[in-house]
Structure formats: C-alpha cells, structure tokens
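One-letter residues, chain by chain:
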Amino acid sequence: MKNIDTSRLKSIVGEENIKTDPADLFIYGSDSSVHSASPWVVARPANTEQVQKIMAYANQDKIPVVTRGSGSGMCGQTVPVKGGITLDMKKMNKILEINPSDVFCRVEPGVVDDDLNQALKPFGVFYPPTPASSRIATIGGEIGNNASGVRSVKYGATRDSVLGLKVVLADGSLVNLGARTRVEATGYQLHKLIVGSEGTLGVVVEATLGFVPIPKFRCLGIANFDQLEDAGKTVADIMGSGIVPSMLELVDNVAIKAVNKTMNLGLPDVQAALLYEADGMVKEAVDYEIEAMQEVCRKNNGFGLVSSYDAEERAKIFLGRKKLFPALSKFSDLLSSTSLADDMAVPYSKMAETARKIHEIAKRNNIIMTAYGHCGSGCMHTKILMEPNRQDQWESAKKAVSEIYEYVRSVNGTTSAEHGIGISKASAFKLEKSDSLNLMSNIKRAFDPNNILNPGKLMDAHDDWVTATDLRYMVA
Amino acid sequence: METRPFEPKHLDKWKSNLDSCIRCGYCYEHCPVFKHTRWESDSPRAKLIILYGLLAGKLEPSTYIADKIFSCFHCGRCVAACSSGVPLIEVFTDAKRDFKGTAFEVSGTTSITNSDCAACLTCVRACPHEARDFINGKIVTDTVKCQSCGICIDICPNNAASSCLSYGTNSSALKNEIGNFLEKDTSKAIVFGCNWSYYPDFQSSKMDRAPSEYKILINMCGGRLEKTLILEPLLQNGWGVLVACCPDGDCEHDGNVKAKLHVKALRDLLGQMDINPERLQLVQIKHGDKAGFQKAIDTFMETINKLGPLKQ
C-alpha cells in the first residue's frame, strides 16, 4: 500500500468498512473483464458525507479513487490500474423515494436494478434500461456505463432515464445536476455527461430516475432464416418501417450451435434467428405491430414464425437467447469465453454484413467468435472463445479485435453500445473519437484537475489492452 | 501439532474451471455469507479469484484466506446459478483439502467441540456427512467433510458443539436481530426463513420509507429453531411469528418435521396461556416459490393486524 493513511479512512467510514488484506485487494482488483490490478485499500462508505470526506482526503494527497458497484463490468472500468482507493458503493443501497405522480424515483447508487423494479412494480411502472446483469448490477454502475439492454430499442439506455444526479466531485464538493422534470433546457446537461463517464468525473451518490408504465400486453415472436443477410435485412426493414419493437434480437448460427451443443435445446440449425417483441396497453396495437414484423420477416424469407402473449410460451421462445451466455462459457473445457470487442453498434443496414465480417475475421485469426445481440438498437454482441493460457491466442485476439473495430469504424459504427470503454476498448475508442479526444481531456481536467478519479481509463488508457494490466489468466 | 506446508495439489486440477469462470458475479445474490457481510470478498466469485491467486502464485496462503474458504454452508446455490458451470462446491472442498493439516487450517463455519463435551457420541451418530468422529477420547470434526449443516450443534445435549463463524444464523445472532427489529414502533412480526428454501429470493436494496411491519430472519433450518427462539418475538412485544420451512419430504435433514412438532407444541402452549395460537404459524413453501412465500407472509400479516398487539 502506498501513501495511504488508512487510519484517516477508518475514522471516516469505521474500521469495519475498510479492507486492506492482500486477498481482499486481489478480489477487488478484478471485474468481469480480462484485466486485474489491485487497489491499495477498499472503503465502503454509507452516506454522501463519508464520500465527500474520502474525496477531500484523496484529492489533497492525490490518491486515485475508483468507484465500484457490483464489479460486473466487462471492460475493466473498475480495475484500479493506478491502485489507490476502491469505493465499494454497495452499502449506499436505499430506494429513497418513489413518486408516481411526478413520475420519478430517487435512489442511492448501490441499489440493485432488479430490486428497484421489484419496488416499482406495485405502482404499475418499471425502470426500463435493465441490462442482462440486472439481478446484481447497481444503478451506480449502470450510470457509469450508460448501460442498456434488450428493451432499449424502445425505451432507451440509462442516459434516457436519468433526470438528475447528486455527484461528489474530486475535491469533495457536492453538486446537484439535472432536475426532477421530464424536460430541461437550463444550461449544460451535466447529469447526462456524467452518465457513461465511467467514474472519471465524479462519484454519483444519488440518482433521480424516470420510469414508464408496465405494458398490459407483451407478445414475443421468433423467425428463422437460412441466410444471415436475410435476417439482417429484416432488422433494417423493421426499424425503417416505423414499427417500434420492444425487443429485436439476432442470434447467429455459431450461437445456435453453442446452445444446442451445451444445453441440448434442439433449436433449428438455421443460419440466424430473430426474436421480435411488441408491447403496449391495447392488444390490437400490439397485434398490429407483431403482424407487421412478421410480414417483414416473410418478405425476407423468414420461416417457422411463432409468437405468443402467454408468459410461459414467451419464456420458451426466449430460452435459446437466455441460455446463450452460459452456453458460450460451457462451449469447451479448453476454451474460455472472453469479453473483447463485445458490444459494438453499427447502422441497421450493416447488421448482417457485420456478423459475416466477425466470422470472417475470427476464422482468419484462428479463434471462435459468435454474433448476437440487440440488433434493434444496432448493438452487436460477440464473445471470443479462446485458450487463455496460450500467448499466441492473445496475439490472435488482439489482431481480431483490431480488425473488427477497423471495420466498425469504416461503416460509421461505434466501439461500444452498452458495456463502455474501460481498458479493453480504449485503443479503438481513441481511434474512433480522435478529433474530440482533446476536448474530452479538457473536460476531465475541469472536473478532476489532479486526475484522481479512475485514472488510466478512456482517453488515458494504455493503447495495448493486453499489456495494460495483468491478465486474469495464467498465460504461459 | 505438526503441520505441513500448503501445496495446492487438489486445486491444481481446477485450473481450467477457474479460467472458465467469467466472473459475472451472478453467484453473489445466492450466497448467504455474502448476503450477511455484503463484502464482495465473501462471495463465491471471490473464493474462486482467491484460489486462482493461490494457484498463480499471486497470493500467499494465510489464515485470512482459509477463513473464507472454510466459510460455506454448502447450499449449492452458487453452483446452480453459475453461468459457466463451475462446480464451485467441489472446488472449495478441494481447497479445504489443501489447507487441511497446514498451519493455516481454520474451522470457519464448520462445527467445533468445546470442553463441555460429554463424549456421548450423539453428534457422531447424527452427522449425515460422517464428518464427526471419536478419536483418542475426543470428538473431532473433519473440516473437509463437514458441510456446516449445523445438525450436531442442534442435537448436542450439552450445547458443546458450535461454529466459530455463523454469519448471523446462530441463535444468539438471531436473538439480537429480533430485539433490534422489534424495538421500532412500526415493527410487528418476525418471519423465520430457512437458508435453503428462501434466501435467494431476498435482494440487497432497502426502501428508505415505509418501514416494513415484519422482518425475515434467515436460519439454517426450521428444525434448528429452538422453542425459546421461536417464542422470543412474542416475549419482545412482537405481534406474531411465522416459521417458514420446506414442504414434507423436501428437507434433507427432516428439519421441517421437527419444526412442525415445535410449532404445534408452542401453539398448544399459547392456547393454554390464553394467547391466540394464530399469532404463531408455520408455512411450508416449495423451493423458489417467491410469490407463494410473499402471499403467505401477506396473509399472515393480515391475521396479525386483525389480532392487534399482544399487550392491549
């Protein structure tokens, strides 16, 4: 541990809320990414005042501070590359207010997404960004990443639901950003800037979030395709037709094979499947949207069309997609599923071509990749299945990742749709945003002149993500 | 006692599984140890990270680490939730094997025996895991075999069995929780929920307003609730007690049978004391039936609210 007065931290949060054992630090040095780097100390604040005191101390002594929710990030956002204090925000977990008439709720950053939705349910409303990890993901972490999920095609990402934030700045001062109103035109929308800033601009201590009514009707359908291009064209045609699906997911053949191999689900061995969903308060309107989407599927040679309003039937239809994540992890004893180049977004018209390109690049680099994702919001997920103990596999992965991002930029896509940049995607991010990096650095300096908030991330991250930190695997 | 150096011999075969873990963290919400401490480093994922650290030579073995490895109730919920199919319990058991006999071996949540032991061998006979034995005139626990089920603790007539770490599940911790909760004016009832049946359904966030009228306290098994503990909420001005346990045949310890006997006897006793026995109820809920459990609590609270406070 370097230059840390732990007794001072203990006096702020209490001795029982400080961890300094090497084992704890090693644990808090990991998240769901490939990276590993230990903090010097973990502190667990219980309230805003404690966060302010910690930040004032850290700023004075120029100690790095990394804010952490559940540590489920996939790009190394919470891996403290420069050491310092990791702020574990899980103790600030209160749902402070649910205000149905003003249509907002106020929560502390450690509230778990699913908990919030459970609390909102009796009011007939829900908080919509909900990523796949909602069972453990904290609102603070979702704000840090501008998280989104399967229904973001209709309801938007986290940024669209954040009305206001209370943020402790690097010097320990507290600012109230945004408002408790649906619209605001009062100067810079700094709360929107904080969303997706990955803990580099301040520590969120309270969020005011909008919510939407739970739809009375929800219908989910599936369509199979013998050509990936047909599925891709269907996505573009649906999104360009004025229909607003509440979910539009693509699963490619590699993914289908993985699910069948590991889960024995017996899904049709087709080149692609599309899952489409519509929801609303009026059944006829939902019927109309489902029928319209099915019509587009048929026009593009989709077959095996099935749809249902029944919750159990919907669960069956969605099972293949739901099991995909674990299926990829269990694909082979030798291969590990890694999150690299895992959430790019491309224009709808390029969706099928992107999936093809991903397979082509994977084959050329001797690794296995799959393509799936929330294509309704332009997001394409991938996983790289590789032998993580082989150095040459990391070289291959690095090359493949670089080629994929080069392609994504060439079609005016973007590096990350929902998982953020962190360490793993920093080099691609810097290439994509080269003309605005200087501006971003100036903004960072304005918020954090001593560069203590999550240093070494985004534009300050290492260009070679493989050597930026220790890898979490034993590489030979 | 002579010790041997720590060598990760048994752990070694799990290297690829430790790589397979994608560290998604989905195991957290299911782990009673994590739920009690709320420290990430007490989650199943953390245990795997530690074991990777030991195998990779990035961490040195210590009693601190051993305490984490030996702290597991073997409920297996993390295994069921694992995205990557890592057999966590098997990995942890092999880690315990590697720590056993070293200077770092600790007891964690496994059972220990104190000097009050009369060597009656009741615990040896009762242990379903063959973890207790009578050696050289003493009862000893095999910390690798022990699954921290607590049956020996419950059954010992001399109260000579216990565990060093209970993570809020032993009688004294539960008694404290009851007292702390029922101190509030808004508090009315205690719901005892079995660790094996209900715990995964409870999430971590808290509502700041409208404090709950009841508190759910997790115990190791309905059958392990002492009669005095079941009555404790009523002694502390609570309005009622709900004991939740598994349906018939579902409890591998037959703890539900014992819980039913306890509750029946106590309800009779309440009747004799002119206290409405409805203030103490037992429900049997199928594993994972979250809605059923909530419905049972709501129905119970309706009854309790109709009955009003115990002392009027």
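What counts, and at which threshold
Residues numbered from 1 in each chain as written. Chains lettered and ligands numbered in written order. Predicted model: local features only at pLDDT ≥ 70, side-chain atom pairs only at ≥ 80, totals over all residues. Heavy atoms only, no water. Helix = DSSP H or I, 4+ residues; strand = E, 2+ residues; numbered from the N terminus. Rg over C-alpha atoms; globule rule 2.2 N^0.38 Å. Contact = heavy atoms within 4.5 Å. Lys, Arg positive; Asp, Glu negative; His and termini not counted. Charge placed at Lys NZ, Arg CZ, Asp CG, Glu CD. Domains from an automatic or database assignment. Buried area = accessible area lost by both parts, 1.4 Å probe. Salt bridge = Lys/Arg side-chain N within 4 Å of Asp/Glu carboxyl O. Polar contact = N/O pair within 3.5 Å; in protein donor to acceptor, adjacent residues only side chain to side chain. Expected span 1.5 Å × (residues − 1). Buried < 20%, exposed > 50% of the residue type's maximum accessible area, 1.4 Å probe, protein only. Arc of directions from axis to C-beta. Pairing = 2+ DSSP bridges. Axes fitted to C-alpha atoms, helices over the stretch in contact; angles between N-to-C directions. UniProt positions renumbered as here; feature names shortened; annotations may be inferred. Phe/Tyr/Trp six-rings, centres within 6.5 Å; stacked < 30°, edge-to-face > 60°. Lys NZ or Arg CZ within 6 Å of the ring centre and 35° of its normal. Nonpolar A, V, L, I, M, F, W, Y, C, P; charged D, E, K, R; others polar.

### Here's the deal with the overall build of chain B
Argument step 1. Within chain B one finds 12 helices and 9 strands.
Argument step 2. Against the 2.2 N^0.38 benchmark of 20 Å for 312 residues, chain B shows a C-alpha radius of gyration of 21 Å, consistent with a compact globule.
Argument step 3. Each principal axis of the C-alpha atoms in chain B carries an extent, and together these give about 65 × 45 × 35 Å.
Argument step 4. Sequence-distant contacts, at least 24 apart, represent 74% of the contacts inside chain B between residues at least 6 apart.
Argument step 5. Of note, chain B has its 37 positive side-chain charges centred 1 Å away from the centre of its 36 negative side-chain charges.

### Digging into the domain arrangement of chain A
Residue and element names in this part refer to chain A.
Argument step 1. Here chain A is described as being made up of domain 1 (1–214), domain 2 (217–327) and domain 3 (331–460).
Argument step 2. One C-alpha centre belongs to domain 1, the other to domain 3, and the line joining them spans 23 Å.
Argument step 3. Opposite the 38 residues of domain 1 that make contact, domain 3 presents 30 residues.
Argument step 4. Of the roughly 2700 Å² buried between domain 1 and domain 3, counting both surfaces, carbon and sulfur atoms make up 63%.
Argument step 5. It is Met74, Cys75 and Thr200 that lose the most area in domain 1 upon contact with domain 3, and together they represent 21% of the buried surface on that side.

### Observations concerning the interface of chain A and chain B
Argument step 1. Facing 53 residues of chain A, the contacting portion of chain B comprises 44 residues.
Argument step 2. Together, Phe26, Arg472 and Met474 of chain A form the three largest contributors to the area buried by chain A at its contact with chain B, with a combined 18%.
Argument step 3. Residue Glu40 of chain B pairs with Lys90 of chain A through a salt bridge whose shortest N-O separation is 2.5 Å.
Argument step 4. Where chain A meets chain B, there are 23 residue pairs in polar contact (both at pLDDT 80 or more).
Argument step 5. Elements with a contribution of two residues or more to the side of chain A that touches chain B: strand S1 (18–19), helix H2 (22–27), strand S6 (94–99), helix H4 (113–120), helix H13 (324–329), strand S17 (336–338) and strand S21 (470–471) of chain A.

### Digging into helix H11 (residues 255–272) of chain B
Owing to its 3.6 residues per turn, the α-helix brings residues three or four apart onto one side.
Residue and element names in this part refer to chain B.
Argument step 1. Here H11 spans 26 Å end to end across 18 residues, near enough to the 26 Å set by a 1.5 Å rise per residue.
Argument step 2. Every buried residue of H11 is listed here: Gly255, Asn256, Ala259, His262, Val263, Leu266 and Leu270. In a view along the axis of H11, the buried residues occupy a sector of 120 degrees, so they form one face of it. In H11, the exposed positions that point more than 90 degrees away from the buried face belong to Leu261, Lys264 and Gln272.

### Focus: the sheet that holds strand S5 (residues 85–88) of chain A
By definition, the strands of a sheet pair up through backbone hydrogen bonds, in either a parallel or an antiparallel sense.
All names here are of chain A.
Argument step 1. Within the open sheet, the 4 strands sit side by side as S1-S3-S5-S4. Their pairing is mixed. Of all the strands in the sheet, the pair left with one neighbour each is S1 and strand S4 (65–68).
Argument step 2. As judged from the 2 bridges shared by S1 and strand S3 (residues 41–43), these two strands associate in the antiparallel manner. Bridge pairing links Ile18 to Ala43 in S3.
Argument step 3. Across the sheet, helix H3 (residues 48–61) is in contact with S3, S4 and S5; its angle to S5 comes to roughly 170 degrees.

### What to know about the sheet that holds strand S5 (residues 189–194) of chain B
All names here are of chain B.
Argument step 1. Pairing is parallel across the open sheet formed by 4 strands, whose spatial order is S7-S5-S8-S9. Two strands lie at the open edges of the sheet, namely strand S7 (214–219) and strand S9 (280–284), each paired on one side alone. In this sheet, neighbouring strand axes are inclined to one another by 20 degrees on average, regardless of whether the strands run parallel or antiparallel.
Argument step 2. Where S5 meets S7, 6 bridges bridge the pair, whose relative direction is parallel. Counted as the bridge partner of Cys194 is Asn219 from S7.
Argument step 3. Along the sheet, helix H10 (residues 227–235) contacts S5, strand S8 (240–245) and S9; its crossing angle with S8, the most-contacted strand, is approximately 150 degrees.
Argument step 4. The strands that helix H12 (residues 290–307) touches are S5, S7, S8 and S9; relative to S8, the one it contacts most, it runs at about 160 degrees.

### Description of the pairing of strand S20 (residues 379–386) of chain A
In regular strands, side chains alternate between the two faces of the sheet.
Residue and element names in this part refer to chain A.
Argument step 1. By the criterion of burial, S20 is predominantly enclosed, with 8 of the 8 residues buried.
Argument step 2. Along S20, one buried face is formed by Cys379, His381, Lys383 and Leu385 and the opposite face, lined by Met380, Thr382, Ile384 and Met386, is buried too.
Argument step 3. Pairing between S17 and S20: 3 bridges, direction antiparallel. By the bridge assignment for S20, Ser337 is matched with Leu385.
Argument step 4. In the sheet, strand S18 (residues 343–345) pairs with S20 via 3 bridges, with the strands oriented antiparallel. Looking at the pairing, Met344 lines up with Met380 of S20.
Argument step 5. In terms of strand pairing, strand S19 (residues 368–373) meets S20 through 5 bridges, oriented antiparallel.

### Concerning the UniProt feature "domain: FAD-binding PCMH-type" (unreviewed entry) in chain A
Argument step 1. Within this numbering scheme, the UniProt entry marks residues 33–214 of chain A as carrying the feature "domain: FAD-binding PCMH-type" (unreviewed entry).
Argument step 2. As a span, residues 33–214 of chain A carries 23% helix and 26% strand, and end to end its C-alpha atoms are 33 Å apart.

### Some remarks on the packing of aromatic side chains
Argument step 1. The final tally for this structure, using the stated rule, is 9 aromatic pairs over all chains.
Argument step 2. An angle of 40 degrees between the planes, with centres 4.5 Å apart, marks the rings of Phe6 of chain B and Phe99 of chain B as tilted. Residue Phe6 of chain B is located in the segment before helix H1 (15–20), and its partner Phe99 of chain B is located in helix H6 (residues 88–99); the two are separated by 93 residues in the primary sequence.
Argument step 3. Assessed through its relative accessible area of 15%, Phe6 of chain B is described here as buried.
Argument step 4. A residue is classified by how much of its surface remains accessible, and Phe99 of chain B, at 0% relative accessible area, is buried.
Argument step 5. Here the guanidinium or amino end of Arg44 of chain A rests over the ring plane of Trp39 of chain B, the centre of that ring lying 3.9 Å away.
Argument step 6. Looking at Arg135 of chain A, its charged tip hangs above the ring of Tyr26 of chain B, at a distance of 4.1 Å from the centre.

### What about the domain arrangement of chain B?
All names here are of chain B.
Argument step 1. Parsing chain B into structural domains produces domain 1 (11–99), domain 2 (111–163) and domain 3 (171–307).
Argument step 2. Taking only C-alpha atoms into account, the centre of domain 1 sits 25 Å from that of domain 2.
Argument step 3. If you look at the interface, domain 1 gives 7 residues, while domain 2 gives 5 residues.
Argument step 4. Between domain 1 and domain 2 we count 0 salt bridges in total.
Argument step 5. Across the side of domain 1 that touches domain 2, the residue classes break down as 3 nonpolar, 2 polar and 2 charged.

### With respect to the environment of Arg151 of chain A
Residue and element names in this part refer to chain A.
Argument step 1. Mapped onto the fold, Arg151 is located in the loop between helix H5 (139–145) and helix H6 (152–155).
Argument step 2. Placed 126 residues apart in sequence, Arg151 and Glu277 show a C-alpha to C-alpha distance of 9.1 Å.
Argument step 3. Sequence-distant contacts of Arg151, defined by excluding residues within four places in its chain, comprise Gly156, Arg218, Ser246, Met247 and Glu277.

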